[in-house]
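Read off the chains here:
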Amino acid sequence: MASRGLGGLGATEGPPTACNWTTAGLVPQLLPWLAMLGLLALKPNRGWSAWWIWLPLACLAGGCYCLKLVSQGASNALVEGALGVLLEVPIALAVGLAALWLLVPYLDCRHRSRTFLGILTVLVAFTFCSFSARVGWGVGMEQIASLLDPRHCAATAYAGVTALPFVVPLVLPIPGLAAAMVLCGLACRGRYRPFGLCLRLFASLLGVWVVLSGLVFAVWRIALPGHVEYAPFLAVGLFMVALTFALLLPFVVLSFSNSLFRERLMGLLQLQREAPPANSLPATEPIPGVVERT
């Protein structure tokens, strides 16, 4: 709905007019990928092993792009625009995770609290910059709020409250991912075992998102008093468990098969390879001057 004069763009009264605005030029769209090239130019990443970071990043971005093509057939233009914005969130998170894997040598991973703050800082910086460069926070929030009630989209307070369930995939995954990775490192007890690491990572995400869904439910009850059930918030939390695990898994699998990123994952989670069994005896050395006969 128009709150100011639109000139020749449309009438100020009557049914609302849906307009999908895109960012001018290709440079903002390319900024996240140019940032990845800049990180690859850092001294610890000057090697062909570091360039494998493009593989999980390209897989996640390509999957989101395919979903965008499918959503373009939606009959409602507002729904199509909001879905397009929501699909930019996994891409921004993937950029943040790729930057984290490339910046591990610069993080202080000796203490869990510092590890959490380092992961949080890198994810916030690169995820927010990637999302704002490709979409823009103002446009994204208005399109998400218009899913529920486009007539009140111009009201900032109402849009912020009604869009709360849709703000969850924009903001909460970042501290959720940071907390889950630190908890996963604690649960592994310093031992590097790929299969066990994946199970503990999933369990950590599950625990973190159950707690976060309860916090969002409490905030919702305070903001909008009334009869509100916890089941929808729990369902959103379980969906976010699947989403964040799907985002992390390609980077974890890359770390299993790439020696460079395996060492960085072990350093980030404070893991060590398992030592050989204590009962294994070393090979005896032959005694000088003694000839063995069979």
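Values in this document were obtained by computation on a predicted structure and should not be read as measured data.

(A) Spotlight on the nonpolar core. Counting residues in each nonpolar core, the largest one holds 63 residues, and the members touching the most others are M36, I53, W101 and L197. Elements supplying a minimum of two residues to this core: α1 (27-40), α2 (54-71), α4 (88-103), α5 (112-134), α9 (173-188), α10 (194-223), α11 (231-257) and α12 (259-269). Apart from the residues within four sequence positions on either side, W101 is in contact with I53, M181, L248, F251, V252, S255, F261, R264 and L265.

(B) Representation of the pattern of salt bridges. Considering all chains together, one arrives at 2 salt bridges under this definition. Two residues, R110 and D108, come together in a salt bridge whose shortest N-O distance is 2.9 Å. When its relative accessible area of 64% is taken as the criterion, R110 is described as exposed. Given the relative accessible area of 27%, D108 is considered partly exposed. For D108, the salt bridge is made with R114, and the minimal N-O distance between the two is 2.8 Å. Classification of R114 by relative accessible area gives partly exposed; the value is 42%. A cluster of three or more residues bridged by salt bridges with shared partners is formed by D108, R110 and R114.

(C) Up close: the packing of α11 against α12. Across the interface, α11 lies against α12 with an axial gap of 6 Å and an inter-helix angle of 115°. In terms of orientation, α11 lies roughly perpendicular with respect to α12. Two packed elements cross with a definite hand, and for α11 against α12 that hand is left-handed. Facing α11, whose interface residues are V252, L254, S255, F256 and S257, α12 presents S259, F261, R262 and L265. Per-class residue counts for the contact of α11 with α12 are 5 nonpolar, 3 polar and 1 charged.

Reading guide: rules and limits
Residues numbered from 1 in each chain as written. Predicted model: local features only at pLDDT ≥ 70, side-chain atom pairs only at ≥ 80, totals over all residues. Heavy atoms only, no water. Core = buried A, V, L, I, M, F, W, Y, C linked by side-chain atoms within 4.5 Å. Buried < 20%, exposed > 50% of the residue type's maximum accessible area, 1.4 Å probe, protein only. Helix = DSSP H or I, 4+ residues; strand = E, 2+ residues; numbered from the N terminus. Contact = heavy atoms within 4.5 Å. Salt bridge = Lys/Arg side-chain N within 4 Å of Asp/Glu carboxyl O. Axes fitted to C-alpha atoms, helices over the stretch in contact; angles between N-to-C directions. Parallel < 35°, antiparallel > 145°, perpendicular 65-115°, else oblique. Left-handed = near helix turned anticlockwise from the far one by under 90°. Nonpolar A, V, L, I, M, F, W, Y, C, P; charged D, E, K, R; others polar.

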